[in-house]
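# Tertiary structure, described
So the chains spell out like this:
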Amino acid sequence: MSRPIVAAPVSDEVRALVSAGWAEYHAAVAEHGPRDEWDRRVIDQAIRAFVGQGKPFSANDLRPLLPEVRKCLISRRLIAAQHDGLIRYVGVTPSTLKSTKAARVNVYAPMAGALQGAPA
């Protein structure tokens, strides 16, 4: 029989730091609105445009066409598009961002009929 895992008590310092982080988050949302939702919609729209072209593409192709969005959401939205059956992984290419030093970037191809009957 296994023993239950007992979590260590959280210090007042950690509680204060987490509380401060949430306060910053709420202040940013109040000032700028729920940015992530807008970013997701813009990225999804760009992915659908590339799917509509019927040719393979990568984040390298998306980035220069997008407005200011959180870059970390691009890969998450590509993964979501895979789960939704819009695209499939077909290979890799080097990143065009100098800061990544040619890191591998996934290449995706549209799935046949991916946009037929799909909500916009």
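Above this text sits the structure in question.
These remarks concern the structure in this document. Owing to the predicted nature of the structure, the values given are computational and were not obtained by experimental measurement.

### A look at the sheet that holds strand S3 (residues 104-110)
Read from one edge to the other, the open sheet built from three strands follows the order S1-S3-S2, with strand pairing classed as antiparallel. The open sheet has two edge strands, strand S1 (57-58) and strand S2 (87-94), and neither has a second partner. Bridge count between S2 and S3: seven bridges; the pairing is antiparallel. From the neighbouring strand, threonine 93 faces S3, where its bridge partner is valine 105. Contacting S1, S2 and S3, helix H4 (residues 72-83) runs over the sheet at an angle of about 145° to S2.

### Some remarks on the nonpolar core
Judged by nonpolar contacts, the single largest core of 20 residues is most densely connected at Ile47, Phe57, Leu62, Leu66, Leu78 and Ile87. Contributing elements (two or more residues each) for this core: helix H2 (35-53), helix H3 (59-62), H4 and S3. Aside from chain neighbours lying at most four places away, what touches isoleucine 47 is Phe57, Leu62, Arg77, Leu78 and Ala81.

### Section: the side chain of serine 58
Inspection of the secondary structure assignment puts serine 58 in strand S1. A relative accessible area of 3% places serine 58 in the buried class. A polar contact of 3.1 Å, which involves the side chain of serine 58, links it to the backbone nitrogen of asparagine 60. Residues in contact with serine 58, not counting those within four places in the same chain, are Thr93, Val105, Asn106 and Val107.

### Quick look at a nonpolar patch on the surface
Together, Val10, Val14, Val18, Trp22 and Tyr25 make up an exposed nonpolar region whose accessible area comes to about 490 Å². Take tryptophan 22: it is sitting in helix H1 (residues 12-32).

### A look at the pattern of salt bridges
Enumeration according to the criterion identifies four salt bridges in this entry. Of the charged contacts, one joins glutamate 37 and arginine 40 as a salt bridge, the two residues approaching to 3.2 Å between their closest N and O atoms. Here arginine 40 and glutamate 37 lie together in helix H2, a separation of three residues that amounts to about one turn. On the accessibility criterion, glutamate 37 (35% relative accessible area) is partly exposed. What makes arginine 40 partly exposed here is its relative accessible area of 28%. Where arginine 77 meets aspartate 44, a salt bridge forms, and the shortest distance between an N and an O atom there is 2.9 Å. On the criterion of sequence distance, the pair formed by arginine 77 in helix H4 and aspartate 44 in helix H2 is long-range, its members being 33 residues apart. Using a relative accessible area of 19% as the deciding quantity, one classes arginine 77 as buried. By relative accessible area, aspartate 44 is classed as partly exposed at 24%. Among the ionic contacts, a cluster of salt bridges with common partners joins Glu37, Arg40 and Arg41.

So, how was this worked out
- All residue numbers here refer to positions counted from 1 along the written sequence of the relevant chain.
- This being a predicted model, a pLDDT of at least 70 is required before a residue's local features are given, and a value of 80 or more before pairs of side-chain atoms are given or counted; all residues contribute to the totals for chains, interfaces and linings.
- Side-chain metrics rest on all non-hydrogen atoms present in the structure, leaving aside hydrogens and water.
- Note on pairing: DSSP must find at least two bridges between two strands before they are called paired.
- Strands are runs of DSSP state E lasting at least 2 residues, helices are runs of H or I lasting at least 4, and numbering of each runs from the N terminus.
- Contact criterion: two residues are considered in contact whenever any of their non-hydrogen atoms come within 4.5 Å of each other.
- Lines fitted to C-alpha atoms define the axes, with helix axes restricted to the stretch in contact, and inter-axis angles between N-to-C directions lie between 0 and 180 degrees.
- Throughout this description, the term nonpolar core refers to a set of buried Ala, Val, Leu, Ile, Met, Phe, Trp, Tyr and Cys residues connected via side-chain atoms within 4.5 Å.
- A 1.4 Å probe rolled over the protein chains alone gives each residue an accessible area, and that area as a share of the maximum for its type sets the label: buried under 20%, exposed over 50%, partly exposed in between.
- Polar contacts, as counted here, are pairs of nitrogen or oxygen atoms within 3.5 Å of one another; within protein the pair requires one atom able to donate a hydrogen and one able to accept it, and residues that are adjacent in sequence qualify only if both atoms are side-chain atoms.
- Note on patches: the residues involved have over 30% relative accessible area and no salt bridge, like charges join within 9 Å, and the nonpolar side chains Val, Leu, Ile, Met, Phe, Trp and Tyr join within 5 Å.
- For every accessible area listed, the method is Shrake-Rupley and the probe measures 1.4 Å; residues are considered covered only by the protein chains on display.
- One speaks of a salt bridge when a side-chain nitrogen belonging to Lys or Arg is within 4 Å of a carboxyl oxygen belonging to Asp or Glu.

That is the geometry; function is a separate question.
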